[in-house]
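One-letter residues, chain by chain:
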Amino acid sequence: VDLSVDLAGMSLPNPIMTASGCAANGPELHRFFDVAEIGAFVTKSVKATPQSGRGTPRMAETPSGMLNSIGLQGPGIDAFVSHDLPWLASVGARVLVSIAGVEAAEFAHVAQVLATCPDRSAIVGLEVNISCPNVANRGLVFACDPASSAEVLSGVRAVVPADLPLFAKLSPDVTDLVPIARAALDAGADGLTMINTILGMAIDLDRMRPHLFGVTGGLSGPAIRPVAVRAIWQVTAAMRAGTIPTAPIIGVGGVRCGADALELIAAGASGVQVGTATFHDPRAPRTVLTELAALLAERGISRLGDLVGAAHG
Ligand code: RRO
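Counting restarts for each chain, with residues numbered from 1 along the sequence as it is written. It should be noted that, the model being predicted, local features are given only for residues of pLDDT at least 70 and side-chain atom pairs only at 80 or more, the latter also being counted only at that level, while totals for whole chains, interfaces and linings use all residues. Water and hydrogen atoms were dropped before computing side-chain values, which therefore reflect all heavy atoms in the structure.

## Points about the pattern of salt bridges
Point 1. The rule for a salt bridge is simple: a side-chain nitrogen of Lys or Arg has to be within 4 Å of a carboxyl oxygen of Asp or Glu. Going through the model one piece at a time under the given rule, you end up with eight salt bridges.
Point 2. Where Glu-106 meets Lys-47, a salt bridge forms, and the shortest distance between an N and an O atom there is 3.1 Å. One end of the pair, Glu-106, is in helix H3 (residues 104–115); the other, Lys-47, is in the loop between strand S4 (41–42) and strand S5 (59–62), and 59 residues separate them in sequence.
Point 3. Relative accessibility under 20% of the residue-type maximum defines a buried residue, over 50% an exposed one, and the middle range a partly exposed one, all with a 1.4 Å probe and only protein chains included. Classification of Glu-106 as buried rests on a relative accessible area of 10%.
Point 4. With a shortest N-O distance of 3.1 Å, Arg-303 and Asp-306 are connected by a salt bridge.
Point 5. We classify Arg-303 as partly exposed; its relative accessible area is 45%.
Point 6. Through salt bridges that share partners, Arg-225, Asp-260 and Glu-263 make up one connected network. Runs of E in the DSSP output that reach at least two residues are strands. Runs of H or I that reach at least four are helices, and both are numbered from the N terminus.

Here it is in structure tokens:
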């Protein structure tokens, strides 16, 4: 089975990736499987300066998924390019670097440093995280507003070479993703990643207080897979109808097994990220890859591309 994919110039041996934030920047996961075996490694979103994130508790398990209010903890771009990225390059990983910021200029700064750093050749693309539910741009998640989405994407596009693919990571917290997708693509995104976590919260009945220090957090895991399917379907349908430009979609949301990955592919995704499942089983991304290959073989499909968007008929 030929699992190779070309996502807006990102040439990958297979479509499976980690999901941003769920496997830090690699070494922990590499103890469980060779991170160069999956299509790409997606980093925790990196911003301009080091940040310790929000107060604790900032993770909560619910019966239907995981809630987080990490608040963009990370080493900052300088430590990322001097420490984290060289390690990923040394093990042969293809790196999709997730970038973030509190304003458009911060995203552009981080992108510019990456575009000119010594390990640039290990970077296959940038995932522009405009959808963190725990980082508000004047009270608004960038990806819930077309103009804010466009401002970030055009700022990043202006400082990176045309051959560095940009994927805009979108939020599920809007009923219609099409205007946001259009704004991001028109402003210079080459593809879309859907979806980030859904804004939620939980209450600790013993303390009679919100579970998370930050009150609200992002919900992930199996509960949100139908929301990811809806988002991917909605944007793919608009691309097929010609109302927005055609571009590759990376699907993410509650994928635990090969069949889950295939569902996102059938909705229109040509890449698939595995996130929350990694907390239960660190080998999850590698297992999803094996299961997806077996499913395609069972169905007599020789090329993955034949199933992308297949459910649209
Ligand atoms: O760090 C976080 O709190 C976080 C981010 Br940047 C994100 O994009 N999605 C999420 O659920 N948490």
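## Comments concerning the sheet that holds strand S6 (residues 65–68)
Point 1. Two strands pair under a simple rule: DSSP has to find at least two bridges between them. Spatially, four strands are ordered S5-S6-S14-S11 in an open sheet, and the strand pairing comes out antiparallel. The open sheet is flanked by S5 and strand S11 (198–200), the only strands paired with a single partner. Neighbouring strand axes in the sheet, compared pairwise and without regard to direction, differ in orientation by 35° on average.
Point 2. Here four bridges tie S5 to S6, and the two strands are oriented antiparallel to one another. Bridged to Met-59 within S6 is Asn-68. In this analysis an axis means a line fitted to C-alpha atoms, helices contributing only their contacting stretch, and an angle means the value between N-to-C directions, from 0 to 180 degrees.

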